[in-house]
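Next come the chains, spelled out residue by residue.
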Amino acid sequence: MTKLFFLICLAPFCLICQNDATKNFTKKLCSPEFHGRGYVNNGDIIAADFIAETFEGIGVSNINGSYFQEFYFPVNTFPGKMLVKINNKELRPGIDYIVGASSTGGEYHLKPVFIDGSDLLSKNKIQTIFNNNQETIGNSVFVVNNTKYSADSTKKIKRLIKDLNQLVAVAEITNEKFIWSVGRKTTRFPILKVKESAIPKNTQTIDLKIDQKFIPNHMAKNVIGYIPSKRKNSKSIVFSAHYDHLGRMGSETYFPGANDNASGTAMLVHLAKYFIKNPSKYNIYFMAFAGEEAGLIGSHFMAENPVLELEKIAFVLNLDIMGSGEEGITVVNGRVHKKAYNKLLRLNKKQQYLSSIKARGEAANSDHYWFSQKGVPAFFIYTRGNNKHYHDIFDTYEELTFDSFEPISNLLIKFTKTCLK
Ligand SMILES: [Zn+2]
């Protein structure tokens, strides 16, 4: 250990210690005991409790004795067995296949009916295929090859696959990167995606054993903490980040959601530690939202049932995907709030925090959205970089570089100092 290290560590906001703390916190949220912060084994609730404990440990205040805001929504889950066999050979979940987030479960021994995506585009063709397979339809899975079409047709075929799935089990053959999600309903028949390399042309049987459970009223919790202004300012700044992710696809497979959004949750904690030591002229709120991946549900609930008057929010800074940043950041709503965006640019130019800051217009792609809809100025900031893992089992802690983590926090701290000037 060097002298310099000691000196840095004695500084009021020890950078090296903070970096370690940030990484440990992120790593913990991504660990198997949090179950991908979804709806199997109460992963999201375990994460909520951990975040609240962390807030409390730092000294962040709660509101009326609680850090939590509860709300309910329906969700489709896969808590147990997840087995897909082709010609009796077991496929690898998350690598060879993903089951549709809204898929029903059960045990099936199915015969494949191979069709081309283009067959779906013609009503007559698909009707004929149906008629030809009428007698065995109950034991069939329609295997739709969707690998060789233009982006537009591929999309269209995906929509038709959903329609087809109302009548029969469906497997879509794809070479696309798997992107999983959260289902809020359950289909009548199973639906899955399979990589082209995992399904041989001579496939005779497809066996499924999927343990699925629909939860009609899952209780989720936003976690909220705040640090009062040092000047008794009535205006507030909200930092937000969703902590939930996709959870488990069967008992053996989970989606760690490191970049999306353990990293943003870690940024909340990182900023909270700073503002406890350096109180702002604004009240600073930290909102860790649940249910984002299920459709921005937690932030919607907050916007409809706010814990502070929305008129008193000077700015919402929503942080989602904070784990890379080699290529800089993008600011959603940067084109909407031009003055504030230009302020970010000016601050960045002066201090050279980030290599690039890009602006986008409106988008309903994270938790800033419902605040924007209520007329509250809000940015959604995400990092750009080499890490392309997104909603897959490879979005792991090990893939994070934290390249722009510290610079972003410094930029945002500066922004809060000048925000309303
Ligand atoms: Zn996210």
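Remember, it's a predicted structure, so these values are computed and weren't measured experimentally.

### Here we look at the overall build of the chain
Helix and strand counts for the chain stand at 11 helices and 18 strands. Here the C-alpha radius of gyration of the chain, 24 Å, is about what a compact globule of 421 residues would show, namely 22 Å. With 421 residues in all, the chain has 57% of them scored as buried. If you take every contact in the chain between residues at least 6 apart in sequence, the share linking residues at least 24 apart comes to 83%. Of the roughly 18,900 Å² that the chain leaves accessible, carbon and sulfur atoms contribute 51%.

### Section: the coordination of the zinc ion
The protein atoms donating to the zinc ion are H242 (NE2), D260 (OD), D320 (OD) and D320 (OD), with metal-donor distances spanning 1.9 to 2.6 Å. Around the zinc ion, the four donor atoms are arranged such that angles at the metal cover 51 to 144°; this shape is classified as irregular. Along the chain, the residues that donate to the zinc ion are spaced as H-x17-D-x59-D. You can see H242 sitting in strand β11 (residues 236–242) and its partner D260 sitting in helix α7 (residues 258–277), a full 18 residues away along the chain. The same class applies to H242 and to D260, which are both buried.

### A short note on the layout of surface pockets
Size it by volume and the largest pocket reaches roughly 670 Å³. Lining the largest pocket are 24 residues, with G100, A101, S102, K162 and I191 positioned closest to its centre. Listing elements by their share of the lining of the largest pocket, those giving two or more residues are β4 (97–99), α6 (151–164) and β8 (191–195). The element contributing the most residues to the lining of the largest pocket is α6, with four residues. Of the residues in the lining of the largest pocket, the class split is nine nonpolar, eight polar and seven charged. Looking at the second largest pocket, it is lined by 27 residues, and the ones nearest its centre are D260, I321, N365, Y390 and H391. Mapped onto the lining of the second largest pocket, the elements with two or more residues apiece are α7 and β18 (378–384). Looking at the lining of the second largest pocket, the element that brings in the most residues is β18, giving four residues.

### Some thoughts on the domain arrangement of the chain
Splitting the chain by domain gives domain 1 (13–75 + 216–418) and domain 2 (82–210). Taking the mean C-alpha position of each, domain 1 and domain 2 sit 36 Å from one another. Of the residues lining the interface, 20 residues belong to domain 1; the matching set on domain 2 comes to 15 residues. Approximately 1,300 Å² of surface area, both sides summed, lies buried where domain 1 meets domain 2, with 69% of it carried by carbon and sulfur atoms. There are one salt bridge connecting domain 1 and domain 2.

### Here we look at helix α11 (residues 405–418)
The end-to-end C-alpha distance of α11, which contains 14 residues, comes to 21 Å, matching closely the 20 Å that a straight helix rising 1.5 Å per residue would cover. The complete set of buried residues in α11 reads F405, E406, P407, I408, S409, L411, L412, I413, F415, T416 and T418.

### Regarding the sheet that holds strand β5 (residues 106–116)
The pairing of strands in a sheet comes from backbone hydrogen bonds and takes either a parallel or an antiparallel form. Strand order in the open sheet made by the eight strands is β3-β2-β9-β5-β6-β7-β8-β4, with mixed pairing throughout. In this open sheet, the two strands that pair with only one neighbour each are β3 (89–90) and β4. Across six bridges, β5 lies against strand β6 (residues 140–145) in parallel orientation. Paired with I115 across the strands is V144, a residue of β6.

### Topic: the sheet that holds β18
Spatially, the eight strands line up as an open sheet ordered β1-β10-β14-β11-β15-β18-β16-β17, and their pairing is mixed. The outermost strands of the open sheet, each flanked by one partner alone, are β1 (68–77) and β17 (357–360). Averaged over all pairs of adjacent strands, the angle between their axes in this sheet comes to 25°, without regard to strand direction. Alignment of strand β16 (residues 328–332) against β18, held across five bridges, turns out to be antiparallel. Following the sheet pairing, V331 is matched in β18 by I381.

### Topic: the packing of helix α9 (residues 338–351) against α11
With their axes 10 Å apart at the nearest point, α9 and α11 run at an angle of 125° to one another. By the angle between their directions, the pair α9 and α11 is classed as oblique. The handedness of the crossing between α9 and α11 is right-handed. Two secondary-structure elements touch here, α9 through A340, K343, L344, L347, N348 and Q351 and α11 through L411, K414, F415 and T418. Classifying every residue of the contact of α9 with α11 gives five nonpolar, three polar and two charged.

### Focus: the pairing of strand β7 (residues 169–174)
The element β7 is largely enclosed, with a buried count of six among its six residues. With burial as the criterion, each face of β7 is covered, one bearing A169, A171 and I173 and the other bearing V170, E172 and T174. Taken together, the five bridges between β6 and β7 define a ladder with parallel strand orientation. Counterpart to V141 in the pairing with β7 is A169. With five bridges joining them, β7 and β8 adopt parallel strand pairing. Directly across from E172, in β8, lies its bridge partner K193.

### Some remarks on the packing of aromatic side chains
Counted by the stated rule, this structure contains 22 aromatic pairs. Seen from their ring centres, F130 and F142 are 5.2 Å apart, and the 40° between their planes marks the pair as tilted. One end of the pair, F130, is in helix α5 (residues 123–132); the other, F142, is in strand β6, and 12 residues separate them in sequence. Here F130 falls in the buried class, since its relative accessible area comes to 14%. Measuring from ring centre to ring centre gives 4.8 Å for W180 and F255, while their planes differ by 10°; the resulting arrangement is stacked. Here W180, found in the loop between β7 and β8, pairs with F255, found in strand β13 (residues 254–255); they are 75 residues apart in sequence, far enough to count as distant.

About the thresholds
All residue numbers here refer to positions counted from 1 along the written sequence of the relevant chain. A pLDDT threshold of at least 70 governs which residues receive local features in this predicted model, and a stricter bar of 80 or more applies before side-chain atom pairs are shown or counted, although totals over entire chains, interfaces and linings include all residues. Neither water nor hydrogens contribute to the side-chain values; these are computed over all heavy atoms in the structure. Secondary structure is summarised from DSSP: a helix means a run of H or I of at least four residues, a strand means a run of E of at least two, and numbering begins at the N terminus for each. In this description the radius of gyration comes from C-alpha coordinates, and the expected globular size is given by 2.2 Å times residues to the power 0.38. Partly exposed describes any residue whose relative accessible area lies between the buried limit of under 20% and the exposed limit of over 50%, with all areas from a 1.4 Å probe on protein chains only and scaled to the type maximum. The contact criterion used throughout is that any non-hydrogen atoms of two residues lie within 4.5 Å. Where accessible areas are quoted, they stem from the Shrake-Rupley method and a 1.4 Å probe; at the residue level, only the protein chains shown are allowed to cover. Donor selection uses N, O and S atoms within 2.8 Å of the metal (3.2 Å for Na, K and Ca). Since no water is included, sites may look incomplete. A site with four donors is called tetrahedral when every donor-metal-donor angle falls between 85 and 135 degrees; four donors are called square planar, and six octahedral, when opposite donors sit more than 155 degrees apart and all other angles fall between 65 and 115; any other arrangement is irregular. Cavities and pockets were defined on a 1 Å grid built from protein atoms only: a cavity is a group of points that admits a 1.4 Å probe but offers it no way out, a pocket is an open group of points flanked by protein on both sides within 12 Å along at least five of seven lines, and a lining residue is one with an atom within 4 Å of any such point. Grid points are joined across faces, edges and corners, and a volume is the space filled by probe spheres set on the points. Just so you know the grouping, Ala, Val, Leu, Ile, Met, Phe, Trp, Tyr, Cys and Pro go in nonpolar, Asp, Glu, Lys and Arg go in charged, and all remaining residues, Gly too, go in polar. Marked domain ranges trace back to an automatic or database domain assignment. Accessible area that two parts lose when put together, with a 1.4 Å probe and added across both, is what the buried area reports. Here, a salt bridge means any side-chain nitrogen of Lys or Arg that lies within 4 Å of a carboxyl oxygen of Asp or Glu. Each residue after the first adds 1.5 Å to the expected span of a helix. DSSP bridges decide pairing: two strands pair if at least two such bridges lie between them. The angle between two axes is taken between their N-to-C directions and runs from 0 to 180 degrees, where each axis is a line fitted to C-alpha atoms and a helix contributes only its stretch in contact. If an angle is under 35 degrees, it is roughly parallel; if it is over 145, roughly antiparallel; if it lies from 65 to 115, roughly perpendicular; otherwise it is oblique. Handedness of a crossing is defined here by the sense of rotation of the near helix relative to the far one, left-handed for an anticlockwise turn of less than a right angle and right-handed for a clockwise turn. Aromatic pairs are defined between Phe, Tyr and Trp rings, using the six-membered ring for Trp, whenever the two ring centres lie within 6.5 Å; interplanar angles under 30 degrees are classed as stacked, those over 60 as edge-to-face, and all others as tilted.

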